[in-house]
Each structure stands twice: as structure tokens, then as C-alpha cells.
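Given next are the chains, with one letter for each unit.
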Amino acid sequence: MYTGYFEEIEIGTTTEFGTRTVDRAEIIEFAEQFDPQPFHLDPSAAEDSVFGELVASGWHTASLTMRVMVENGMNDSRAMGAVGVDELRWPEPVRPGDTLTVTGTVEDKQPWSDKLGLVLARTTVTVDERTVMSMVGRVLVERRPAETR
């Protein structure tokens, strides 16, 4: 998605970043460190929750999403970091054994400075075609050198 300079990125471009399966142990491990709510930590307590079973923290889902994106294209791109995330949503829970599929689509772009452009890209995470997370990243991307624009 961000392999070229800002000027080469086209609105509407969609990138399939890959997949990641979530297991019970990592859901609990993440929750112990960062989101220690009973429905993320304890399968028995989770049975009595609105979810009816152990579920991943939304923050865990977001972290796994970032990992998939970095491992499958972001490290080899002209992306220079982000200045925020808009519209972060977790419409469905992630359960042990779910396989996350991460897709990104460029929605808009605008110059940010002489050296950077701002790309708004919607990331959608699905499990069996069911959306479990979506967000719009505000990603800074390197611009082509001024003398070559």
C-alpha cells in the first residue's frame, strides 16, 4: 500500500496484508499485562459475561493487526509513522482460534509538508468475512524529492 512515494499512491487501492490466528494463551497473556478484565482473563468468568466465553481485548486485536501490517509490507514501505487513528471500532469480539484477515484501502490523501504526505487508509479486520475491527489510519508517507515532482 505504501511501497511508492506519496505521489504514486492511488485512492481506492486495496492491499491484502495477511492473516494471523489468535490463541487462548496469548489472549490471556495480553490481558494480564494490558487489559485485565475478567472476560479477557478467566474462561469461567467470561462464561457469565455478555460474550459467553473468553474474548480478546480490542487493544490486542489492534496490536495483532499492526503486527500483520508491519510484517507484510509496512517495513518495506515509505510509510514514516502515523499521526492518529480515526473511527476505531470493534463491532464483533475475537475468540480463541479465530483467524484475523487484515485489509487496507486508501480513502484519501493530501500533502502534509514538503517531505511528507498524509494518507487516510481504512484498515478492516475480518474473521470468516465478519468484521471484528475497523479504523482509519492517518499515515505519513514520504514524498518524492521536490526536484523530481
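About the cut-offs
Residues numbered from 1 in each chain as written. Predicted model: local features only at pLDDT ≥ 70, side-chain atom pairs only at ≥ 80, totals over all residues. Heavy atoms only, no water. Phe/Tyr/Trp six-rings, centres within 6.5 Å; stacked < 30°, edge-to-face > 60°. Helix = DSSP H or I, 4+ residues; strand = E, 2+ residues; numbered from the N terminus. Salt bridge = Lys/Arg side-chain N within 4 Å of Asp/Glu carboxyl O. Buried < 20%, exposed > 50% of the residue type's maximum accessible area, 1.4 Å probe, protein only. Contact = heavy atoms within 4.5 Å. Pairing = 2+ DSSP bridges. Axes fitted to C-alpha atoms, helices over the stretch in contact; angles between N-to-C directions.

1. Brief notes about the packing of aromatic side chains
Each pair of aromatic rings is reported with the distance of its centres and the angle of its planes.
And then number 1: Applying the stated criterion to the full structure yields three aromatic pairs.
And then number 2: A centroid spacing of 5.2 Å and a plane angle of 55 degrees characterise the contact between Phe39 and Phe51, whose relative ring orientation is tilted. Here Phe51 lies in the loop between helix 3 (43-47) and helix 4 (58-71) and Phe39 lies in helix 2 (residues 38-41), a separation of twelve residues in the sequence.
And then number 3: With a centroid separation of 4.9 Å and 80 degrees between ring planes, the pair formed by Trp59 and Trp90 is classed as edge-to-face. Remark: Trp90 occurs in the loop between strand 2 (79-89) and strand 3 (99-111) and Trp59 occurs in helix 4; sequence separation between them is 31 residues.

2. Some details on the pattern of salt bridges
And then number 1: One pass over the full model with this rule turns up eleven salt bridges.
And then number 2: Residue Glu7 pairs with Arg143 through a salt bridge whose shortest N-O separation is 2.9 Å. With a gap of 136 residues between them, Glu7 in the segment before strand 1 (14-21) and Arg143 in the segment after strand 5 (130-142) connect regions that are remote in the sequence.
And then number 3: Linking Glu107 and Arg122 is a salt bridge whose minimum nitrogen-to-oxygen distance equals 2.7 Å. Of this pair, Glu107 sits in strand 3 while Arg122 is found in strand 4 (residues 116-127), placing the two residues 15 residues apart along the sequence.
And then number 4: By relative accessible area, which is 22% here, Arg122 ends up partly exposed.
And then number 5: One continuous salt-bridge network, built from bridges that share partners, spans Glu87, Glu107 and Arg122.

3. Some thoughts on the side chain of Ser134
And then number 1: Among the secondary structure elements, Ser134 is positioned in strand 5.
And then number 2: Not counting the four nearest positions on each side in its chain, Ser134 is found in contact with Glu87, Leu88, Arg89, Arg122, Thr123 and Thr124.

4. Side note on the sheet that holds strand 3
And then number 1: Read from one edge to the other, the open sheet built from five strands follows the order 1-3-4-5-2, with strand pairing classed as antiparallel. With one partner strand each, in any of the chains shown, strand 1 and strand 2 form the two edges of the open sheet. Across this sheet, the average inter-strand angle for adjacent strands is 25 degrees, counted without regard to direction.
And then number 2: In terms of strand pairing, strand 2 meets strand 5 through five bridges, oriented antiparallel. Bridge pairing in strand 5 places Ala79 opposite Val141.
And then number 3: Most of the contacts of helix 4 go to strand 1, to which it runs at about 120 degrees, and overall it touches strand 1, strand 2, strand 3, strand 4 and strand 5.

5. Considering the environment of Ile28
And then number 1: Note that Ile28 resides in helix 1 (residues 24-34).
And then number 2: For the pair Ile28 and Ile9, spaced 19 residues apart in sequence, the C-alpha separation works out to 39 Å.
And then number 3: With near-sequence residues (within four places) excluded, Ile28 lies in contact with His40, Leu41 and Leu54.

6. Some words on the environment of Gly137
And then number 1: Here Gly137 shows up in strand 5.
And then number 2: Separated by 115 residues in sequence, Gly137 and Val22 have C-alpha atoms that sit 23 Å apart.
And then number 3: With residues up to four places along the chain from it excluded, the contact list for Gly137 reads Gly84, Val119, Leu120 and Ala121.

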